[in-house]
Amino acid sequence: YREYQADVSRFTFVFPNKRAGVFFQRYLSQLLDEALFSPEVLSISECFSSVSKRQPADRLSNLFRLYDVYRSVGGSGEGFDSFVFWGEMLLSDFDEIDKYLIDARQLFTNITDLKQIDEVFDTLTPRQKEAIKEFWNNFIPVTEGRPKTDYITTWKILYPVYKRFQAGLAAENLATEGMMCRELAENLKSGQHIPEWDEKQFVFVGFNALNACERELFNALKKEGKADFYFDYEAAELRDADNLASQFYEENIRQFPSNFPLAQETPQNPEREMELIAVPSEIGQAKEIYSILNGLFPNNNKEIDPINTAVVLADENLLIPLLHSLPAQIEQVNVTMGFPLKSTPASGLLEYVLELQRRARVSGGKVSFYYKNVLNILNHQYISLCCGGEAKAIEERTVKNNRIYVEAEEFSRNSLLASVFTLQTNALDFLSYLTDMIRQLQAALQNSGKKDEHLLTLDFLYQYYVTLNRMQDVLKKRREEIPATIDTMARLIRQALAGISLPFEGEPLAGLQIMGVLETRCLDFENLVIPSFNEGIFPKRSVQNSFIPYTLRRCFGLPVANFQDAISAYHFYRLIHRAKRIFLLYDSRADGMKTGEVSRFMHQLHYHYGVDFKRRNLSFDVGFENRSALQVAKTPEIMKKLERFTIEGEKAAAFSASSLNTYIDCPLKFYLTQMERIEESDEVIETVEGSMFGTLFHAVMENLYQPYTGKTVESGDIKQLVEHPLKIDAEIARAFAVEFFRKKDGSPVALEGNNLLIARVIRKYVRQMLKIDMEYAPFTCVASELPCSGRLPVFGGRMQVNLKGFIDRIDEKDSMLRILDYKTGSGKPEFKSIAGMFEHNNENRPKYEFQIFLYALLYKRMTGAASVLPGISFLRNVFKSDYTAQLRYKPEPRVSEPVDDFNPFEEAFVESLTACLEEIFDPDIPFVQTEKASLCTYCPYTSICGR
């Protein structure tokens, strides 16, 4: 502007990206005394495409075109599914070949003989010839096998595939970005006239690593005197031959000099402050940025313009946590980086839907869906927003009725849910199904009355809809090539969405700047905050998917790993050169694949350039203190809650054997379950576990003996059941229907898979139990699953405590009543002492014996029976030769007495039980956490007590 004044409007300024052009126009406007027309501002990609006669081809269409060419040239019957991955790789390789003006025929040739190379390619440099020979000589001797054969076969056809693919695009007047660049570069090289540029003068600003097409463009325009060039190599590090950042400096300055010298700056900002902050957390970095910004922009100073501050994110996953961590006083924020569509909640819903369709099934003409997939979708935030009430009701019914598969009819009352839970079998129809689902979600959110609250959600859905709709248009033209399975279509959708980012809209010239590394090109800031300053993230560890091996890439001038490292180094050292305050944050955790290592740039600055850092290590005190066991004092409110266990009537409650066992094991758990009534949340039981196995066994035995209640059971009666097991199978099916599938009417449910195997195991145990009963017969079947209850006086009769229980089985033989408790595990029905049954902090306490003794006490007092014989049947012992259900009293290791009657133990048991109940009701004894941590292994309340 100093040289040309108003004539600056006739220049065309070309920048690496559009963002730099916007800031350029701002800085130019600040120089003006009067208005003038803005000069043309282009990005480098717009510079190439602006003179192309071809239209850009979308990547999905290109993938199908390449597949057609590949099948045609190679004669392969390979399915599209297996082609997709490396088809994407080839598209990237072809694009690079064009941008770097590589002769594809020379590259894709399998020649090992150097003389033959000389005859065929006289234009290759000696280095290229040697590299080709080295590669193929090293590759060919590999042991013959399919991978090697497939690779060579494919390599041989890559050149004709490349040529025919490009010809197909040209016939449709289409082109890839690389083709557009190559066409212009070759036209310029051959001296072809570009009429669109007749009146233009170009100024190229801020470039560094040029590909071959860009270099050809610069050279051609320089020869015509139509171009000027300005590079940013002011930082000493960018001119240091020992620094990768200077890799392109000498060549660029020599080949493309500037018409007007720029004023020299000081070698380094003398006021620059750098701080290196170690944070042992990814999210913790976002929270630390909040503190940094608070310091830079105090609440009481509204005049500081945050536009001179940038947060540069090398890891895009920190964007959302950062946006939630900005200080309130920063009112304007400009996000110049995109947010990946794959990281949105919409992507999560899509994954749930894909899994829903994959695990759907059809049985008896009815469609049903796996419950986990159903619950995932019902609890997704979008579905909850649009149909929360109905979704919650379906979830409750699913859990209540233990539905492992939920029928599609269940969702018919809500149009959105009905559209989601529709079986899809055709891959192309699947896209229509997804777009219809997204349309309904959008309509529901827009009509919710809270549209303004869901603008970001609506934008996510819109971008998904546009992408899927475009896919649908492309695939409709190629029905014959569409994969038959939805799984393949799902992979195709994921690939189509993988490279899409959502641009944030904002005022680019106001507010705090949040940007990616590439967006910082040509821009400078006073304050820089760079999180994720870890090795492998900044610079990014580059793993390039390419069909072209490293040796050939290097010798033909295609980008390799150190090329990307040089670009990253240039961006970093250029960015920090003019900044006054720089905050570098890195994740210091060494966990899994994370090494906690700071970026190599920090070591270069410190050791090579002698830069001093202010260092800080943030730490989080997460140590566990040695605290005493938790306890809850018995306040008047808690004592009030205990009263319901002592009253009579409808509001009365009673202690069961299991609740008393809970108290003895852990009084704190007893408090949570009995006083606060905190229950485990109901869940769908997918497989029959220990407790459910016992429930099913109990139900089968109860129902088998139900017809004999009050009657004498002879061996012949039981033999009939054993030898004709149809009755047993019917009762097992009924038990599954009622207990497992929770069908009140007991209507049979077809058992399959794991449940069928469990049913057979139950039948095995039932038949063995019946065989034992055959030997025990004759006996009288008194009752099964009998409820029993009673009140026990405590504190010298001043209070009565309610007790209850369910006795699995009562029978009578030889005038002796026997109560029997079935236990699904294994064990020995023995105990050392009555006192041992009530011992706290004892994981080997005889809790089953305590339970059967309590039942014996309650039954005696309820019926007035003179004597009762308690017994425990451990089911895993029923196949042992020494099986017995009879309890044994074993006070000493060598003393073992059979328990033939409860009476000798009743007094001691009542005494200990009374003491236990009095302890529960003693206001001076708190509910204390158990000291035995092993008792907490399977406790569902550990998240509450912190054990």
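Residues numbered from 1 in each chain as written. Predicted model: local features only at pLDDT ≥ 70, side-chain atom pairs only at ≥ 80, totals over all residues. Heavy atoms only, no water.

**With respect to the state of the cysteines**
Throughout the structure, instances matching the rule amount to zero disulfides. Cys-387 takes part in no disulfide bond, and the closest cysteine sulfur to it belongs to Cys-386, at a distance of 6.1 Å. (Disulfide = S-S within 2.5 Å.)

**Observations concerning helix α3 (residues 59-74)**
With 16 residues, α3 extends 22 Å from end C-alpha to end C-alpha; this agrees with the ideal 22 Å at 1.5 Å per step. Here α3 has its buried residues at Leu-60, Ser-61, Asn-62, Leu-63, Phe-64, Arg-65, Leu-66, Tyr-67, Val-69 and Tyr-70. Gly-75, located one to two residues past α3, shows a positive phi value of around 65 degrees. (Helix = DSSP H or I, 4+ residues; strand = E, 2+ residues; numbered from the N terminus. Expected span 1.5 Å × (residues − 1). Buried < 20%, exposed > 50% of the residue type's maximum accessible area, 1.4 Å probe, protein only.)

**A short note on the packing of helix α4 (residues 80-99) against helix α20 (residues 486-498)**
Between α4 and α20, the shortest axis-to-axis distance is 10 Å and the interhelical angle comes to 15 degrees. When the axes of α4 and α20 are compared, the pair comes out roughly parallel. Pair α4 / α20 crosses with left-handed handedness. Counting all contacts with α4, which are made through Phe-80, Asp-81, Val-84, Phe-85 and Glu-88, the residues of α20 involved are Thr-488, Arg-491, Leu-492 and Gln-495. Looking at the contact of α4 with α20 residue by residue, the class counts come to four nonpolar, two polar and three charged. (Axes fitted to C-alpha atoms, helices over the stretch in contact; angles between N-to-C directions. Parallel < 35°, antiparallel > 145°, perpendicular 65-115°, else oblique. Left-handed = near helix turned anticlockwise from the far one by under 90°. Contact = heavy atoms within 4.5 Å. Nonpolar A, V, L, I, M, F, W, Y, C, P; charged D, E, K, R; others polar.)

**Thoughts on helix α1 (residues 18-31)**
Spanning 14 residues, α1 covers 21 Å between terminal C-alpha atoms, matching the ideal 20 Å at 1.5 Å per step. Along α1, the residues that are buried comprise Arg-19, Ala-20, Gly-21, Phe-23, Phe-24 and Leu-28. The secondary structure elements touched by the buried residues of α1 are β1 (11-15), β2 (40-43), β9 (333-335) and β15 (512-516).

**Quick look at the pattern of salt bridges**
The full count for this structure, using the stated rule, is 48 salt bridges. The salt bridge partner of Glu-288 is Arg-616, with a shortest N-O separation of 2.8 Å. With a gap of 328 residues between them, Glu-288 in helix α12 (residues 282-296) and Arg-616 in strand β18 (residues 614-617) connect regions that are remote in the sequence. Given a relative accessible area of 10%, Glu-288 falls into the buried group. A salt bridge links Arg-763 to Asp-729; its shortest N-O distance comes to 2.9 Å. (Salt bridge = Lys/Arg side-chain N within 4 Å of Asp/Glu carboxyl O.)

**Regarding the pairing of strand β21 (residues 779-794)**
Looking at chain direction, strand β20 (residues 712-713) and β21 are connected through two bridges and run antiparallel. Paired with Val-713 across the bridge in β21 is Phe-779. Strand direction decides the pairing type here: β21 and strand β22 (residues 799-813), joined by 13 bridges, are antiparallel. Bridge pairing links Cys-781 to Asp-811 in β22. Between β21 and β22, which pair antiparallel and follow one another directly, the connecting turn spans four residues, one of which, Phe-795, has a positive phi of 50 degrees. (Pairing = 2+ DSSP bridges.)

**Remarks on the sheet that holds β15**
For sheets, the rule is that strands pair by backbone hydrogen bonds, running either parallel or antiparallel. Ordered by their spatial adjacency, seven strands build an open sheet running β9-β15-β8-β16-β17-β7-β18, and the pairing between neighbours is parallel. Either end of the sheet is taken by a strand with one partner, and the two such strands are β9 and β18. On average, adjacent strands in this sheet sit at an angle of 15 degrees to one another, irrespective of strand direction. In this structure, strand β7 (residues 273-279) lies alongside β18, joined through four bridges in parallel fashion. Each residue of the ladder has a partner; that of Leu-276, found in β18, is Arg-615.

**Examining the packing of helix α25 (residues 657-665) against helix α31 (residues 847-863)**
α31 packs onto α25 with a crossing angle of 140 degrees between their chain directions and a minimal axis gap of 10 Å. Classified by the interaxial angle, the pair formed by α25 and α31 is oblique. Crossing geometry of α25 relative to α31 is assigned as right-handed. Mapping the contact onto sequence places Ala-657, Leu-660, Asn-661, Ile-664 and Asp-665 in α25 and Lys-847, Phe-850, Gln-851, Leu-854 and Tyr-855 in α31. Considered class by class, the residues forming the contact of α25 with α31 number six nonpolar, two polar and two charged.

**Some details on the nonpolar core**
Residues Phe-204, Leu-217, Phe-533 and Phe-736 are the most contacted members of the largest nonpolar core, which totals 218 residues. With 10 residues, helix α18 (residues 427-446) is the single largest residue contributor to this core. Among residues more than four places away in sequence, those in contact with Phe-533 are Leu-276, Phe-538, Phe-572, Leu-584, Leu-585, Tyr-586, Val-598, Ser-599, Phe-601 and Met-602. Counting 58 residues, the second largest nonpolar core, distinct from the first, contains Ile-638, Ala-653, Ala-783 and Leu-917. (Core = buried A, V, L, I, M, F, W, Y, C linked by side-chain atoms within 4.5 Å.)

These figures capture arrangement, not role.
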